Amino acid sequence: MEWLMDPSIWVGLLTLVFLEIVLGIDNLIFIAILADKLPPHQRDKARLLGLSLAMAMRLGLLTIVSWLVTLTTPLFSLGSFSFSGRDLILLIGGLFLLFKATVELHERIEGVVHVQSGNKVYAGFAAVVAQIVVLDAVFSLDAVITAVGMVDELWVMMAAVVISIGVMILASKPLTRFVNAHPTVVVLCLSFLLMIGLSLIAEGLGFHIPKGYLYAAIGFSVLIETFNQFARRNFLKNEARLPFRERTADSVLRLLGKPRHAQEEVPDEAREPDDSFAVEERNMVSGVLTLADRSIRSIMTPRAEMSWVNLEQDAATILQQLQETPHNQLPVCRGDVDRVVGVARTKDLIGALLLHERIDEADPALLRKPIYLPDTAGVLRAMDTLKRARGQLVLVADEYGVVQGLLTPIDLLEAIAGEFPDEDEQPAIRAQGAGRWEADGSADLHLLEQVLESDRLVDPDADYSSLAGYLLARFETLPAAGQAIETDGLRFEILAVEDRRILRVAITRLDLQAQDAAG
């Protein structure tokens, strides 16, 4: 009973059981495919019979091969090498394992998918069982040769086969699910086959490789793969903590070829050019997917750019302003934009001034009650408010009741599809050549990211949404015209500052600037 205290025997047995189970998965899958062609009440019986035949087939083959490897009498010589029956069996078996493992690894790495074709309807139970017997013979070869290459004792080989088949009978479905869910485990086992095949060839040529080396290499590899599986499971757990909507948006944007987050850096050599989606299409999809994450301040028309009617002005001045404005609605205020009287259509105001030479504040048909939204509201809430506003613009106010801007359906459309400048406006971001732009300080950072094809400008935790806010956060003071800062691969140069506001900024890609300097 000294074998009970021999650790190499137990290590060999456990390793061989593990390999036999993995190598038997393909056999198990094909048995399941054939068994599924039978009526439901016969499938379990066919699966059990198939695995039992596989065990008998492997035990019989083990006995034959184990006897063949005892034939050590030289049969012929080739140079300095003499070959016996055992050597030939080891060489052929080693070459078979190398061939099978190489083919399987190639298919796994290349992603080859086997598709069943032909007539899949079988005559009956006996026909299916006959096919299972043939498949058992084919699929048992690699397992038998692996067993011969791993251990020297026949009873250890047979015990490993019986244990592995027993495990597969009891847990066939969970095993299949595990192997399908962990493809790296299969690749690892196929690499073991390469190593065992090489060991068999070396043995056949007369070079003895101690089994302890094989066990150590396999054990170390299994340990590393275990760590890898734990790391992957922890990664998936951490990823699952992100909101499902955010994970879905990230996945869609990656499929379109546009990483969403700045921390997702992809090496240039790993980027695959994809012309399936135009830049405009990617930007529109990105605009839709990120819409719910944006604040209302990032899409509204800011206070400084609002057009409004001042009731304290004379009728002629107001009429001239209305005739020149491209807007069909305007807030009507008294003296200051925070003293809003109502919201009116431009054509109604023009009609009232032409007919009565004044605007009647008490006329509900002329001035509609203003609709307010807090500047902390989300874009989806603003969209719902605009739907119920029946075409009326919405005013945005802060916690102190100070009007910060206004919102129209066009602002929502621009957040998705880009700018639609009015007749009295120019685009907030203007191309000045390859890798050069001029932008207003009020330019929206989301739109700027799309134009610059960058993903490093928007910070979801920041309290700013414009280019001016982005630059003030980095200068940490109000910059003067001519000052510049380089960040995130871009150079920002202040062109104009007025009334404590950054008006215009020149933007240049640093890589293009370096190329121009070198040229």
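Scroll up to find the structure.
Residues numbered from 1 in each chain as written. Predicted model: local features only at pLDDT ≥ 70, side-chain atom pairs only at ≥ 80, totals over all residues. Heavy atoms only, no water.

**Some thoughts on the overall build of the chain**
- On a plain count of helices and strands, the chain comes out with 17 helices and 14 strands.
- Within the chain, the proportion of its 519 residues that are buried is 39%.
- Contacts spanning at least 24 positions in sequence make up 60% of the contacts within the chain whose residues lie at least 6 apart.
- When the accessible surface of the chain is totalled, it reaches about 29,000 Å², and 59% of it is carbon and sulfur. (Helix = DSSP H or I, 4+ residues; strand = E, 2+ residues; numbered from the N terminus. Buried < 20%, exposed > 50% of the residue type's maximum accessible area, 1.4 Å probe, protein only. Contact = heavy atoms within 4.5 Å. Areas by Shrake-Rupley, 256 points an atom, 1.4 Å probe, with all protein chains shown as cover.)

**Some details on unusual backbone geometry**
- The backbone phi angle of E476 is positive, close to 60°, even though this residue is not glycine.
- Relative to the helices and strands, E476 resides in the loop between α16 (467-475) and β12 (484-487).
- A relative accessible area of 69% means that E476 is categorised as exposed.
- Backbone geometry places D499, a non-glycine residue, at a positive phi of 50°.
- If you trace the backbone, D499 turns up in the loop between β13 (490-498) and β14 (501-509).
- The class of D499 is exposed, set by a relative accessible area of 58%.

**Remarks on the pattern of salt bridges**
- In the structure shown here, the tally under the stated rule is twelve salt bridges.
- As a salt-bridge pair, D338 and R303 come within 2.9 Å of each other at their nearest N and O atoms. One end of the pair, D338, is in strand β6 (residues 336-345); the other, R303, is in the loop between β3 (301-302) and β4 (309-310), and 35 residues separate them in sequence.
- Under the relative-accessibility criterion, D338 is labelled partly exposed at 29%.
- Residue R303 is classed as partly exposed on the basis of its relative accessible area, which comes to 30%. (Salt bridge = Lys/Arg side-chain N within 4 Å of Asp/Glu carboxyl O.)

**Remarks on the packing of helix α11 (residues 315-324) against helix α12 (residues 346-356)**
- Put simply, α11 and α12 touch, their axes get as near as 10 Å, and they point 145° apart. Every pair of crossing elements has a handedness; the one defined by α11 and α12 is left-handed. Two secondary-structure elements touch here, α11 through A315, I318, L319 and L322 and α12 through T346, L349, I350, L353 and L354.
- Here the contact of α11 with α12 is built from residues that sort into eight nonpolar, one polar and no charged. (Axes fitted to C-alpha atoms, helices over the stretch in contact; angles between N-to-C directions. Left-handed = near helix turned anticlockwise from the far one by under 90°. Nonpolar A, V, L, I, M, F, W, Y, C, P; charged D, E, K, R; others polar.)

**Concerning the sheet that holds β4**
- Taking strand neighbours across the sheet as the criterion, the three strands line up as β4-β5-β6 in an open arrangement whose pairing is mixed. Looking at which strands have only one partner, the edges of the open sheet turn out to be β4 and β6.
- Note: β4 against strand β5 (residues 329-334), two bridges, orientation parallel. Residue pairing across strands places N310 opposite C333, the latter belonging to β5.
- Of the strands in this sheet, β4, β5 and β6 touch α12, which is tilted by about 90° from β6. (Pairing = 2+ DSSP bridges.)

**Describing the nonpolar core**
- Ranked by size, the top nonpolar core spans 23 residues in total, and within it L467, L471, F492 and I507 carry the most contacts.
- Counting only elements with at least two residues in this core, the list comes to β11 (436-440), α15 (445-452), α16, β13 and β14.
- Looking at this core element by element, the count peaks at five residues for α16.
- Excluding anything up to four places from it in sequence, I507 contacts G435, R436, W437, A439, L448, L452, L467, L490, R491 and F492. (Core = buried A, V, L, I, M, F, W, Y, C linked by side-chain atoms within 4.5 Å.)

**Quick word on the side chain of T385**
- Relative to the assigned elements, T385 resides in helix α13 (residues 379-388).
- Setting aside its immediate chain neighbours within four residues, T385 contacts I371, L373 and V394.

**Describing the environment of N228**
- Mapping N228 onto the fold places it in helix α8 (residues 211-240).
- Overall, the relative accessible area of 36% leaves N228 in the partly exposed class.
- Distance from N228 to T184, taken between C-alpha atoms, is 9.4 Å for residues 44 residues apart in sequence.

**Things to note about the environment of Q313**
- By the element assignment, Q313 lies in the loop between β4 and α11.
- Accessibility expressed as a relative area gives 34% for Q313, which makes it partly exposed.
- Between the C-alpha atom of Q313 and that of G335, which follows or precedes it by 22 residues, the distance is 8.4 Å.
- With sequence-adjacent residues up to four places away left out, Q313 is seen in contact with I318 and Q321.

**Examining a nonpolar patch on the surface**
- A surface patch of nonpolar side chains, amounting to about 420 Å² of accessible area, comprises F220, L223, I224 and F227.
- Residue position: F227 is located in helix α8. (Patch = residues over 30% accessible without salt bridge, like charges linked within 9 Å, V, L, I, M, F, W, Y side chains within 5 Å.)

**A closer look at the packing of aromatic side chains**
- One pass over the full model with this rule turns up two aromatic pairs.
- Where Y464 meets Y470, the ring centres are 6.5 Å apart and the plane angle is 75°; that geometry is what we call edge-to-face.
- Given the relative accessible area of 0%, Y470 is considered buried.
- One aromatic cluster is present, built from ring pairs that chain together Y464, Y470 and F492. (Phe/Tyr/Trp six-rings, centres within 6.5 Å; stacked < 30°, edge-to-face > 60°.)

These values are about where atoms sit, not about what they do.
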